[in-house]
Amino acid sequence: GQPLRDPRGMIGARLRVAVHLIRAAAAPVHNLLAAVERCHLEVAGVVAAPYASGLASLSDDEATLGALVLDLGGGVTGVARFAEGRVQEIHVVPLGGQHVTQDLAFGLSTGRAQAERLKSLYGSVLSRAGDARQRMEVRGIGDPGQPPVQVVSRARLTEIIRPRVEETLQLVRARISGSPLAGRRLVLTGGASQIEGIVELAEEMFDMPARVGR
């Protein structure tokens, strides 16, 4: 039969439970708890970030019918699959927005702060007419008093950003291969979800409607 949401108070011969176990490194969790407690706050509990993102961004219908949450963070991308009103599985992919910034810094020979600014203001994964003509000056690495300056087109930024975002989404797709995706809905959260065109790219790669979670 259908699994029970809450079997308390019922009579039966056998109780079975399906568990999705999540492991985390002890030291980072301990340091996080210590940092919060030093602010004179009591920690009520610890939950996985993709699960928290799903609770915050999914509608009741999405969580019930089935949805996949992609929490595109700085260092990692969290994945949470929801169905029947609760989380079914969680994964973490070791790629995030910081890797896009590193690619830009390396590809353009510029500093991380400049690369982060370029990503935030002009970053995109979609090639558009006119991108080759839209140009910007990028300060290179060198003498702080007279740093070398190069002129870069917006099309060049897209050439650097898109492959890394595609790689991240491909890793996510590989992790959830074989999982049932009832409802077929994709919700993107996290800082990197603000990159222009990422919703369209995710729809294309996962073959399902996508939106940015608020």
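These remarks concern the structure in this document.

Criteria and thresholds
Residues numbered from 1 in each chain as written. Predicted model: local features only at pLDDT ≥ 70, side-chain atom pairs only at ≥ 80, totals over all residues. Heavy atoms only, no water. Helix = DSSP H or I, 4+ residues; strand = E, 2+ residues; numbered from the N terminus. Rg over C-alpha atoms; globule rule 2.2 N^0.38 Å. Buried < 20%, exposed > 50% of the residue type's maximum accessible area, 1.4 Å probe, protein only. Patch = residues over 30% accessible without salt bridge, like charges linked within 9 Å, V, L, I, M, F, W, Y side chains within 5 Å. Areas by Shrake-Rupley, 256 points an atom, 1.4 Å probe, with all protein chains shown as cover. Salt bridge = Lys/Arg side-chain N within 4 Å of Asp/Glu carboxyl O. 1 Å grid on protein atoms, 1.4 Å probe; cavity = no way out; pocket = protein on both sides within 12 Å on 5 of 7 lines; lining within 4 Å. Points joined across faces, edges and corners; volume = space filled by probe spheres on them. Nonpolar A, V, L, I, M, F, W, Y, C, P; charged D, E, K, R; others polar. Pairing = 2+ DSSP bridges. Expected span 1.5 Å × (residues − 1). Core = buried A, V, L, I, M, F, W, Y, C linked by side-chain atoms within 4.5 Å. Contact = heavy atoms within 4.5 Å.

A separate point is the overall build of the protein chain. Looking only at helices and strands, one finds seven helices and seven strands in the protein chain. Element order for the protein chain, N to C, with α for helix and β for strand: α-α-α-β-β-β-α-α-β-β-α-β-α-β. Against the 2.2 N^0.38 benchmark of 17 Å for 214 residues, the protein chain shows a C-alpha radius of gyration of 21 Å, more extended than a compact globule. When the backbone C-alpha atoms are referred to their principal axes, the protein chain occupies close to 80 × 45 × 25 Å. Out of the 214 residues belonging to the protein chain, those deemed buried represent 37%.

Before going further, it helps to examine a nonpolar patch on the surface. A cluster of nonpolar side chains, V17, V19 and L21, forms an exposed patch at the surface whose accessible area comes to about 370 Å². Mapped onto the fold, V17 is located in the segment before α1 (26-37).

This brings us to empty space enclosed by the protein. With the rule as written, the count across this model stands at one cavity of 30 Å³ or more. Volume-wise, the largest cavity comes out at about 80 Å³. Looking at the lining of the largest cavity, the elements with two or more residues in it are α4 (97-108) and α6 (154-175). Looking at the lining of the largest cavity residue by residue, the class counts come to seven nonpolar, four polar and one charged.

The element strand β2 (residues 77-83) is largely enclosed, with a buried count of seven among its seven residues. The side-chain alternation of β2 yields two buried faces, one formed by T77, V79, R81 and A83 and the other by G78, A80 and F82. Pairing analysis gives six bridges linking strand β1 (residues 67-72) to β2, with the strands arranged antiparallel. What sits directly across from A67, in β2, is F82. In sequence, β1 turns back onto β2 through a hairpin of four residues. For β2 and strand β3 (residues 86-93), the ladder comprises seven bridges, and the chain directions are antiparallel. The residue of β3 that forms the bridge with A83 is R86.

Turning our attention to α1. Residue pairs three or four apart in sequence face the same way in an α-helix, which turns once every 3.6 residues. The end-to-end C-alpha separation of α1 is 16 Å, in line with the 16 Å expected for 12 residues at 1.5 Å each. The element α1 is barely covered by neighbouring structure, given that only one of its 12 residues are classed as buried.

In this section: the nonpolar core. In this structure, L70, V165, L186 and F206 are the most contacted members of the largest nonpolar core, which totals 36 residues. Those elements giving two or more residues to this core turn out to be β1, α4, α5 (112-122), β4 (135-139), α6, β6 (186-189), α7 (198-206) and β7 (210-212). Every residue in contact with F206, bar those within four places of it in the chain, is listed here: L68, L70, L169, V172, R173, I176, R184 and L186. Within the second largest apolar cluster, eight residues are counted, among which are A63, A67, F82 and V187.

These figures come from the coordinates and say nothing about function on their own.
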